[in-house]
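# A structural walkthrough
Here are the chains, one letter per residue:
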Amino acid sequence: MNAGPVLPGRDDDPDRLYTITGGRSRSPENAFDLVTLIVAERQPAPGMQSEHARILRLCEAPTAVVEVAAELSLPISVVKILLGDLLESGAVTARHPRFAPNKARLPDLDTLKQVLHGLQRL
């Protein structure tokens, strides 16, 4: 019995996914969510696992975890495990877009009040 057409590049064979993750089923706790931005910090190295190398090439510019999973045609859970490997080795950095860097701090309340008073006097 045929289970239906297989999409090109899509292989959810449990044996393959087990091999890709080295048998692991969990990613690092709270390291990634779907919109976490991943940025490669180095180029792929010779002999590197092919999925890791693809992630590094894909993430030369900030790329969301969900986009990485879509490009690799792999489940999110598997991609999070692979990203955890890369994060641990320092090959990628991860940041959530809602966390603004320190340079982007808002002005203090007194400055905002002065601006408001200046605008009201116009």
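In this report, the structure presented in the accompanying data block is examined. Think of each chain on its own: its residues are numbered from 1, step by step along the sequence as written. Reporting in this predicted model follows two pLDDT cut-offs: at least 70 for local features of residues, and 80 or more for side-chain atom pairs to be given and counted; totals over whole chains, interfaces and linings ignore these cut-offs and use all residues. The basis for the side-chain values is all heavy atoms of the structure; hydrogens and waters are excluded.

## Describing a nonpolar patch on the surface
Stated precisely, the cut-off is as follows: Patches draw on residues past 30% relative accessible area with no salt bridge. Two like charges within 9 Å are joined, as are two nonpolar side chains (Val, Leu, Ile, Met, Phe, Trp, Tyr) within 5 Å. Accessible surface area values rest on a Shrake-Rupley calculation with a 1.4 Å probe, where residue burial reflects the displayed protein chains alone. One side-chain nitrogen of Lys or Arg within 4 Å of one carboxyl oxygen of Asp or Glu is enough to make a salt bridge. Helix and strand definitions here come from DSSP, where helices need a minimum of 4 consecutive H or I residues and strands a minimum of 2 consecutive E residues; each element is numbered from the N-terminal end.
A grouping of Leu34, Val35 and Val66 is seen on the molecular surface, where their side chains present a nonpolar patch of about 230 Å² in accessible area. For Val35, the position within the fold is in the loop between helix 1 (14-21) and strand 1 (37-40).

## Focus on the packing of helix 2 (residues 50-58) against helix 4 (residues 76-89)
Packed helices, taken two at a time, are described by the angle between their axes plus the distance between the axes. Quick reminder of the rule: Lines fitted to the C-alpha atoms define the axes, with helices restricted to the stretch that makes contact. Angles between their N-to-C directions range from 0 to 180 degrees. Just so you know how the angles are binned, under 35 degrees is roughly parallel, over 145 roughly antiparallel, 65 to 115 roughly perpendicular, and the rest oblique. We call two residues in contact when some of their heavy atoms are within 4.5 Å. Classification used: nonpolar for Ala, Val, Leu, Ile, Met, Phe, Trp, Tyr, Cys and Pro, charged for Asp, Glu, Lys and Arg, polar for all others including Gly.
Remark: helix 2 packs on helix 4, axes separated minimally by 10 Å, with the N-to-C direction vectors making an angle of 75°. Classed by the angle they form, the pair helix 2 and helix 4 counts as roughly perpendicular. In this structure, helix 2 uses Glu51, His52, Ile55 and Leu56 to contact helix 4, whose residues at the interface are Leu82, Leu83, Asp85 and Leu86. Looking at side-chain class alone, the contact of helix 2 with helix 4 contains five nonpolar, one polar and two charged residues.

## What about the nonpolar core?
Just so we agree on the cut-off: The criterion is simple. A nonpolar core is a set of buried Ala, Val, Leu, Ile, Met, Phe, Trp, Tyr and Cys residues joined through side-chain atoms within 4.5 Å. Accessible area is worked out with a 1.4 Å probe on protein chains only. A residue is then buried under 20% of its type maximum, exposed over 50%, and partly exposed in between.
By size, the foremost hydrophobic cluster in this structure holds 18 residues, and its most contacted members are Ile38, Ile55, Val79 and Leu83. Looking at this core, the elements with two or more residues in it are strand 1, helix 2, helix 3 (65-72) and helix 4. With five residues, the top contributor of residues to this core is helix 4. Residues in contact with Ile38, not counting those within four places in the same chain, are Phe32, Cys59, Ala61, Pro62, Thr63, Val65, Leu83, Val92, Thr93 and Ala94.

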